[in-house]
Amino acid sequence: MKKLFFITSNKGKVHEATEKLRPLGFSVVQKDLGYPEVQADFLEEVAAWGATHVQGRFNHPFMLEDAGLFIDALQGFPGVYSKYVFFTIGLEGILRLLRGVENRKAVFRSVYAYSKPGKKPIIVIGECTGVISTEKQGNHGFGYDPIFIPVGAQKTFGEMTVVEKNQYSHRGKALDKLAIVLKDLQ
Ligand code: IMP
């Protein structure tokens, strides 16, 4: 097994990455180093900036990820502010903003940055389209999982196992791409 450091404080993300990358020969090791999340318009900028910041303090190959939920009827809100919004108005606040709104389309985006010492980070992106449910359902996963139903499913991420969620999710798709990059780099 090849060790792969994942710079994150989010155990849910580590669990998902572990399930996805273990069969491909990678053992994911969480490193909660912390890094500032720059205020930017795109997740790619947040991830690339974070990777460059961590590179200066951590002399091993690593990956980190930034994700967000973009809701159609709210012109992409909360998007790059998903974390802040989750900890402020939360799921109830989002459901309130969408009360009576017919268009419930949303997309989750995930951006991974993979970084080797002294090299420019490699960026991969995954997306998952779906709808925002009318109420919270399920208590698996984290963040917005209980209110997001991916296209092709009849239940929220919050009602899925990690393996099930990975089959649909933005992070699962980004990790598929990252696995190809990692194979090519070997
Ligand atoms: P960050 O990538 O940790 O900055 O995530 C931004 C926000 O989006 C956090 O509040 C997460 O809880 C939320 N989020 C990111 N990915 C997911 C997911 O797969 N499911 C539910 N919420 C997510």
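The structure under discussion appears in the preceding block.
The structure reproduced in this document is the subject of the present report. (Residues numbered from 1 in each chain as written. Predicted model: local features only at pLDDT ≥ 70, side-chain atom pairs only at ≥ 80, totals over all residues. Heavy atoms only, no water.)

**Regarding the pairing of strand 1 (residues 2–7)**
And step 1. Sheet analysis places strand 1 next to strand 2 (residues 26–31), joined by six bridges and oriented parallel. The partner of Phe5 across the bridge, within strand 2, is Val29.
And step 2. Handedness of the crossover joining strand 1 and strand 2 through helix 1 (residues 11–21): right-handed.
And step 3. With two bridges joining them, strand 1 and strand 3 (residues 62–71) adopt parallel strand pairing. Within the sheet, the bridge partner assigned to Phe5 lies in strand 3 and is Phe62. (Pairing = 2+ DSSP bridges. Helix = DSSP H or I, 4+ residues; strand = E, 2+ residues; numbered from the N terminus. Right-handed = clockwise from strand over helix to strand, strands pointing away.)

**What to know about the packing of aromatic side chains**
And step 1. Here the structure, examined in full by the defined rule, presents eight aromatic pairs.
And step 2. Pairing Phe58 with Phe62 gives two aromatic rings, centres 6.2 Å apart and planes at 65°, and the pair type is edge-to-face. You'll find Phe58 and Phe62 in the same group, each marked buried.
And step 3. Sitting over the face of the ring of Phe70, Arg109 holds its NZ or CZ atom 4.7 Å from the ring centroid.
And step 4. The aromatic ring of Phe157 is capped on one face by Lys165, whose charged end is 5.1 Å from the ring centroid. (Phe/Tyr/Trp six-rings, centres within 6.5 Å; stacked < 30°, edge-to-face > 60°. Buried < 20%, exposed > 50% of the residue type's maximum accessible area, 1.4 Å probe, protein only. Lys NZ or Arg CZ within 6 Å of the ring centre and 35° of its normal.)

**Describing the site of the ligand**
And step 1. If you check the shell around the ligand, you find 15 residues, and the closest are Lys13, Ala67, Asp145, Lys165 and Arg171.
And step 2. Here a nitrogen atom of the ligand sits 2.6 Å away from a polar atom, N or O, in the side chain of Asp145.
And step 3. Here Arg171 contributes a side-chain N or O atom positioned 2.6 Å from a nitrogen atom of the ligand.
And step 4. Against a free-state accessible area of 480 Å², the protein chains account for coverage of 95% of the ligand.
And step 5. Where the shell around the ligand is concerned, the elements lending two or more residues are strand 3, helix 3 (82–88) and helix 6 (170–185).
And step 6. No other element matches the three residues that helix 3 contributes to the shell around the ligand.
And step 7. In the shell around the ligand, the residues fall into five nonpolar, three polar and seven charged. (Near = heavy atom within 4 Å. Polar contact = N/O pair within 3.5 Å; in protein donor to acceptor, adjacent residues only side chain to side chain. Areas by Shrake-Rupley, 256 points an atom, 1.4 Å probe, with all protein chains shown as cover. Nonpolar A, V, L, I, M, F, W, Y, C, P; charged D, E, K, R; others polar.)

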